[in-house]
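What the coordinates show
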Amino acid sequence: MPGKEVKENVLTNQNCDVLVVGAGISGLVSAREILKADPGLKVLIIEGKNRVGGRTHTVELKCAGGETEKWDIGGQWVGKTQTHIIDLIKELDLETYDQYSEGTKWIQIGNSKHREYDSRFPIIDKTGNTDTGADAIRITGGTQQISQKLCGIIGWDKIHLNQALLKLNFLDENDDDTLVEAIIQSTLDETKISKITAKRVILAIPPAECSKIRFQSPLPFDKKQFFDGCYQGNFIKFVATYETPFWREDGFSGEIFSMGFTNNPRETHPLYSVLDATTATGKSALVGFCNNETWSDSTPKARKEAVLKDLARFLGDKALKPIDYVDKDWGQEIFTGGCPTGIIPAGNMAGLARAREPWKTIHFAGTEMATVWIGYMSGGVQSGLRASHEVLLKLGNKNVNWDYLNTDWNFAGKMVDYFEIFNDTKIAIFHQRIDNKTLCEKIARVRSEKNDDDPFVVLNLTILIDKYFQWKRELPRVKPFYAVKCNDDPLILRTLGALGCGFDCASKNEINKILKLNIVGPEKIIYANPCKTRGFVAHADQVGIRRMTFDNVEELLKVKQFHSNPEMILRIAVDDPTATIQMGMKFGCDPVSVAPNLLQKALELQIKVVGISFHVGTGCKEPFTFETAIKHSRDLFDFGIQLGHHMKVLDIGGGFPGFDTDHISLTKIANVVNCALEKYFPVEGNYEIIAEPGRFFAAAPMSVVTNIISSVKVPASRITRKKSDANKDGFMYYVNEGTYGYFNCKFYEHYCPPGEPLFPNPLKDGKLFHCTVWGPTCDGLDQMEESSMKRNLEVGEWLYYPNMGAYTLSTATTFNGFKNPKIYYFIDEKSL
Ligand SMILES: Cc1cc2nc3c(=O)[nH]c(=O)nc-3n(C[C@H](O)[C@H](O)[C@H](O)COP(=O)(O)OP(=O)(O)OC[C@H]3O[C@@H](n4cnc5c(N)ncnc54)[C@H](O)[C@@H]3O)c2cc1C
Ligand SMILES: Cc1ncc(COP(=O)(O)O)c(C=O)c1O
């Protein structure tokens, strides 16, 4: 079909608004998007191949019943979380069906025998969750239709096939908005060169192909280095059709994962992975990849024989007789050069964000330039949307969709060096250190420009890392086990785990969360909840967690019944009466009158007690409480050892401040703790000293920014409740994040710092008014600041709240339908 349009579509020298290079999914999405925003713009698309679709290629094969049917020999599967491609598939009215995966799957690696396995490779993703996998869904009729349908919308007359971009010249090198001249060569007649002058060019081609383009003025070094460093992967894809899905009949799913050696340990069998490729219409086939390092050099005939023989090793001899067979060595495909995607070599990742940035009037799309699902069709769509909206912005179009532009971070320009993606979370990496407030100012400015007044949160991983090292410096003998309940953000957990921290978990879900993140093993988890559910105790046993706290006999009996090998830690109650929240009324037994009996009872039940724990109260203000508790612990160690318990663990709990104040700091507590340890648990005793800090780590890295959504002038007396203020002005401010969200810490933690205007206002600074700050819900309890003094603030202004990471996110609700704010993660490069 496309071939016909090309021949009539002769390319002549001409001017246009936008030249798109590459008629793969990415280039076509960007062209379609630009024309959707302004059909009056002149957009041309050139494509080096004689077809559209790029790395998607659908071919027709003979199949059962003497019929023919279509199969993908290029990009094929999509997954539920690949929202960009899923949305496009829906928009183009394409039908989808599920990848078949029932039955036995085979695996063989290296010299090992082939064996069955359970995992649904490759229908799993990084998180092991099949729902979020990349290979769960197929498109009826093949994926090349995506590009063909897009061409239908754009207009085939705008697509010029067999036209290769050779060179780009800037017509005025000193002008950042310079026109670009593209030198284009026909691949059918190499003597035919066309020149297109464009206001903007979108390069939607793989990085290795970008590297072959000549630029009149040299590419910026970081871009050049990035493009030159990327090379394409190297798989050969094959499809074999069969009369029946005989493997299903034999109880096999058709799924094979293999990198097995032949008799020669340096030579691999051809198969890398295989899946059932039976179509929506029920035509049976197998699809797979082989590694082209070994097999690219053989003839297609020899390769086919080897592939079929290898299939028969797993699925039986019926595999030897396909109705039809096709394979494609993508390494040999001109303008693509490999499969499935560009490989970004180690060390080159840092250049990715800069490679993506526009350079003068040239914009960069293509799946390798995406920020989510890089290398997949979905990444092609996302990068195409981003590049097209960059162009629309520069052309002054009103229909720019800011969501595609990642502008929340663009403000920082060159300050953001690059981004790392962890699961689906984007972390901005800064060259230089930036503090939370400055970052919030920058984000708020861009948001205000976009009329986006949603509240937001910043999480500074550099502060978290600094806190960890501060802890190591000040309390060198005490190993921190972070209290997950305080803030269970996966990046906080992941960062602390990577630094060597253990974890204090309070429930099965917290335990599972830590184990699923795969950051530490069960030996680095303490189940520090003295009253546990029976099922949770059994679960702790199943997953290998032995250390658990207790403070009563019932708990000992429960543990005896439901855990095969516990190591119990007795929690005693020693409270700082001035702490923000005392724990002793709920947990911990009396160290003098009850604790010795519990040690005795454990002995009778033959349960090992390995240590003593306490929690002086969250927000402790009196460091000497630690000394008292450590002394009690010593007495109980002595008593326990006398009884025959192998006492070795002292757990000094939490209570450490999230940030320093005039009254309390980690240093003040550390001075007392270190001396007490020296006195009661000297180094020679080889004790294991641990703690369960929560707030200390989580509070300072996070700041919250809210926006004023309403401002009501009232007599100040309504706020201060003093009649004498009746003639003064006061203000009630309503902001869009409240106590049912992050500010719940006001109730649970008795903590809510006064919000500070994020930006100064020379006209209003200076004069302060009494004010109340209310959250956005309809509940009267939703009040963050009852009475504080602030300058007069207008609707749309931002309020900044620092140190908001402890017991905020983990308890925030969506009451009244308010979503939790977006979190911006960042770190400075030197902390990595
Ligand atoms: C065998 C195979 C299996 C895959 N499996 C999957 C899968 O199951 N799921 C998935 O999501 N993704 C898969 N992928 C990846 C997916 O196909 C790609 O990520 C996606 O199609 C890339 O789209 P794109 O528009 O960014 O690039 P491309 O499709 O590569 O398009 C770029 C276009 O630019 C053209 N071009 C290059 N240089 C020039 C030049 N100098 N002048 C003019 N034109 C030029 C090329 O010919 C090409 O048409 C697979 C890829 C392959 C090859
Ligand atoms: C058992 C236990 N350990 C540790 C902590 C963490 O305390 P903090 O955040 O005060 O350090 C808590 C908080 O509730 C807790 O219950």
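Residues numbered from 1 in each chain as written. Chains lettered and ligands numbered in written order. Predicted model: local features only at pLDDT ≥ 70, side-chain atom pairs only at ≥ 80, totals over all residues. Heavy atoms only, no water.

Side note on the overall build of the chain
What counts, and what does not: Secondary structure elements are defined from DSSP: runs of H or I of at least 4 residues count as helices, runs of E of at least 2 residues count as strands, and each element is numbered from the N terminus. In this analysis, two residues are considered to be in contact whenever any of their non-hydrogen atoms come within 4.5 Å of each other. Values of accessible area rely on a 1.4 Å probe in the Shrake-Rupley scheme; residue burial ignores everything except the protein chains shown. Here the positive residues are Lys and Arg and the negative ones are Asp and Glu; neither His nor the chain ends is included. Lysine's charge is taken at NZ, arginine's at CZ, aspartate's at CG and glutamate's at CD.
Of the regular secondary structure elements, the chain holds 24 helices and 40 strands. Seen through its principal axes, the chain has C-alpha atoms that stretch 95 × 75 × 45 Å. Contacts spanning at least 24 positions in sequence make up 70% of the contacts within the chain whose residues lie at least 6 apart. Summing over all exposed atoms, the chain offers an accessible surface of approximately 34,900 Å²; the carbon and sulfur share of this is 51%. If you average the places of the 97 positive and of the 103 negative side-chain charges in the chain, the two averages end up 0 Å apart.

A closer look at the packing of helix H3 (residues 83-91) against helix H11 (residues 377-394)
This is how it is decided: Angular values range over 0 to 180 degrees, each being the angle between N-to-C directions of two axes fitted as lines to C-alpha atoms, with helices fitted over their stretch in contact. Every angle not falling under 35 degrees, over 145, or within 65 to 115 is termed oblique; those three ranges are roughly parallel, roughly antiparallel and roughly perpendicular. Nonpolar residues are Ala, Val, Leu, Ile, Met, Phe, Trp, Tyr, Cys and Pro. Charged residues are Asp, Glu, Lys and Arg, and all others, Gly as well, are polar.
Between H3 and H11, the least distance of the axes is 7 Å, while the angle of their chain directions is 85°. Considering the angle they form, H3 stands roughly perpendicular to H11. Here Thr83, His84, Ile85 and Leu88 of H3 lie close against H11, whose contacting residues are Met377, Ser378, Val381, Gln382 and Leu385. Looking at the contact of H3 with H11, its residues break down into 5 nonpolar, 4 polar and no charged.

Digging into the site of ligand 1
Filter applied, for reference: Being near a molecule or strand, for a residue, means having at least one of its heavy atoms within 4 Å of it. Pairing of N or O atoms within 3.5 Å defines a polar contact, subject to two protein rules: one partner must be a possible hydrogen donor and the other a possible acceptor, and residues neighboring in sequence count only if both atoms are side-chain atoms.
Taken together, the neighbourhood of ligand 1 is formed by 36 residues, with Glu47, Arg55, Trp77, Thr367 and Met377 sitting nearest. Gly48 has a polar backbone atom sitting 3.0 Å from a nitrogen atom of ligand 1. Within the complex, 98% of the 1,000 Å² of free accessible area of ligand 1 lies under protein. Secondary-structure elements contributing two or more residues to the shell around ligand 1 are helix H2 (25-37) and strand E11 (163-170). A per-element tally of the shell around ligand 1 places E11 first, with 3 residues. Among the residues making up the shell around ligand 1, the classes are represented as 17 nonpolar, 14 polar and 5 charged.

Topic: the site of ligand 2
Contacts to ligand 2 come from 15 residues, most closely from Thr618, Glu692, Gly694, Arg695 and Tyr807. His615 is positioned with one of its side-chain polar atoms (N or O) 3.0 Å from an oxygen atom of ligand 2. Between ligand 2 and Tyr807 there is a distance of 2.5 Å, counted from an oxygen atom to a side-chain nitrogen or oxygen.

A look at helix H6 (residues 221-229)
What counts, and what does not: Three labels apply to residues, based on accessible area from a 1.4 Å probe with only protein chains included: buried if under 20% of the type maximum, exposed if over 50%, partly exposed otherwise in between. When we speak of the arc, we mean the arc of directions from the helix axis to the C-beta atoms.
Of all the residues in H6, the buried ones are Lys223, Phe226 and Phe227. Looking down the long axis of H6, one finds its buried residues gathered within 95° of arc, a one-sided arrangement. Where H6 is buried, its residues touch helix H5 (207-210), helix H10 (352-356) and strand E22 (362-364).

Let's talk about the pairing of strand E27 (residues 502-505)
Applied cut-off: Note on pairing: two strands pair once DSSP finds at least 2 bridges between them. Crossovers are described as right-handed under a simple rule: with the strands pointing away from the observer, the path leading from the first strand over the helix to the second runs clockwise.
Side-chain alternation along E27 places Gly502 and Asp504 on one buried face and Phe503 and Cys505 on a second face that is also buried. Where strand E26 (residues 478-483) lies against E27, 3 bridges are found, and the strand directions are parallel. By the bridge assignment for E27, Ala483 is matched with Asp504. With helix H15 (residues 490-499) bridging E26 and its parallel neighbour E27, the resulting β-α-β unit is right-handed. Looking at chain direction, E27 and strand E28 (residues 525-527) are connected through 3 bridges and run parallel. Residue pairing in the sheet places Phe503 in a bridge with Ile525 of E28. At this point the chain moves from E27, through helix H16 (residues 508-517), to the parallel E28, and the crossover so formed is right-handed.

Concerning the domain arrangement of the chain
Often, the extent of an interface is quoted as the loss of accessible area on bringing the components together. To be explicit about the condition: Those domain boundaries reflect an automatic or database domain assignment.
Segmenting the chain into domains produces domain 1 (2-54 + 145-230 + 341-394), domain 2 (59-82 + 93-138 + 234-332), domain 3 (408-450), domain 4 (478-698) and domain 5 (703-829). If you average the C-alpha positions of domain 1 and of domain 5, the two centres end up 47 Å apart.

Brief notes about H15
For H15, the complete set of buried residues consists of Leu491, Ile492, Leu493, Thr495, Leu496 and Gly497. The N-capping residue of H15, defined by a side-chain oxygen 2.8 Å from the backbone nitrogen of Leu491, is Asp489. Immediately downstream of H15, the backbone of Gly500 shows phi near 115°, a positive value.

Thoughts on the sheet that holds strand E9 (residues 137-139)
Picture the strands of a sheet paired through backbone hydrogen bonds; they go either parallel or antiparallel. In spatial order, the strands read E5-E9-E6; together these 3 strands make up an open sheet with antiparallel pairing. Single-partner strands in this sheet number two, and they are strand E5 (77-78) and strand E6 (96-98). Across 3 bridges, E6 lies against E9 in antiparallel orientation. When the sheet's bridge partners are listed, Tyr97 is paired in E9 with Arg138.

Re the packing of aromatic side chains
To keep it simple, the criterion reads: Within 6.5 Å between ring centres, the rings of Phe, Tyr and Trp (the latter by its six-membered ring) count as paired, and their orientation is classed by plane angle as stacked under 30 degrees, edge-to-face over 60, tilted in between. In this scheme, Lys NZ or Arg CZ marks a charge over a ring once it lies within 6 Å of the ring centre and within 35 degrees of the ring normal.
Under the definition given, this model contains 34 aromatic pairs. When the centroid spacing of 5.9 Å and the interplanar angle of 75° are considered together, the rings of Phe226 and Phe227 count as edge-to-face. Neither residue differs from the other here; Phe226 and Phe227 are each classed as buried. Both rings, one in Phe246 and one in Trp247, keep their centres 4.9 Å apart while their planes meet at 85°; by these two values the pair is edge-to-face. Of the aromatic side chains, those joined through ring pairs into one cluster are Tyr468, Phe469, Trp471, Tyr482, Phe614, Phe626, Phe656, Phe696 and Phe697. Directly above the ring of Phe696 sits Lys467, whose terminal nitrogen or CZ lies 4.2 Å from the centroid. Positioned above the aromatic ring of Tyr527, the side-chain terminus of Lys532 is 5.5 Å from the ring centre.

Remarks on the pattern of salt bridges
Worth spelling out the cut-off: The term salt bridge refers to a pairing of a side-chain nitrogen on Lys or Arg with a carboxyl oxygen on Asp or Glu at a separation within 4 Å.
In total, this model carries 40 salt bridges according to the counting rule given. Lys532 is paired through a salt bridge with Glu555; the nearest N and O atoms lie 3.0 Å apart. One end of the pair, Lys532, is in the loop between E28 and helix H17 (534-542); the other, Glu555, is in helix H18 (residues 553-562), and 23 residues separate them in sequence. Using a relative accessible area of 4% as the deciding quantity, one classes Lys532 as buried. Classification of Glu555 by relative accessible area gives buried; the value is 1%. A salt bridge links Lys713 to Asp729; the shortest N-O distance between them is 3.7 Å. With Lys713 in strand E34 (residues 702-715) and Asp729 in strand E35 (residues 729-735), the pair connects residues that are 16 residues apart, well separated along the chain. Its relative accessible area of 35% is what places Asp729 among the partly exposed residues. The network of salt bridges with shared partners includes Lys479, Arg546, Arg547, Glu567, Lys648 and Glu688.

Looking at the environment of Asp782
As for its position among the elements, Asp782 is in the loop between strand E37 (768-774) and strand E38 (783-791). For Asp782, a relative accessible area of 0% gives the class buried. A C-alpha to C-alpha distance of 9.8 Å links Asp782 and Lys746, two positions 36 residues apart in sequence. Setting aside residues no more than four positions away along its own chain, Asp782 makes contact with Gly738, Thr739, Tyr740, Trp774, Gly775, Pro776 and Thr777.

Side note on the environment of Ala164
Summarising the element assignment, Ala164 is placed in strand E11. With residues up to four places along the chain from it excluded, the contact list for Ala164 reads Ile46, Gly48, Ile183, Ile184, Gln185, Thr187 and Phe335.

What to know about a nonpolar patch on the surface
The condition is simple: Patches here: salt-bridge-free residues with over 30% relative accessible area, like charges joined within 9 Å, nonpolar side chains (Val, Leu, Ile, Met, Phe, Trp, Tyr) joined within 5 Å.
The grouping of Phe747, Tyr748 and Leu781 at the surface amounts to a nonpolar patch, some 320 Å² of accessible area in total. With respect to the secondary-structure elements, Tyr748 resides in helix H24 (residues 745-748).

Focus: the nonpolar core
Counted only if it meets this: Definition used in this section: a nonpolar core is a set of buried Ala, Val, Leu, Ile, Met, Phe, Trp, Tyr and Cys residues joined via side-chain atoms within 4.5 Å.
With 100 residues, the main nonpolar core has Tyr482, Phe503, Ile630, Ile652 and Phe656 as its most contacted residues. In terms of residue count, helix H21 (residues 666-680) provides more of this core than any other element does, 7 residues in total. Residues from two domains meet in this core; each of domain 4 (478-698) and domain 5 (703-829) gives at least three. When neighbours within four sequence positions are excluded, Tyr482 is seen to be in contact with Asn487, Ile492, Leu493, Leu496, Cys501, Gly502, Phe503, Asp504, Pro693, Gly694, Phe697 and Ala698. Counting residues in hydrophobic clusters, the runner-up holds 41 residues, among them Ile45, Leu92, Leu150 and Leu385.

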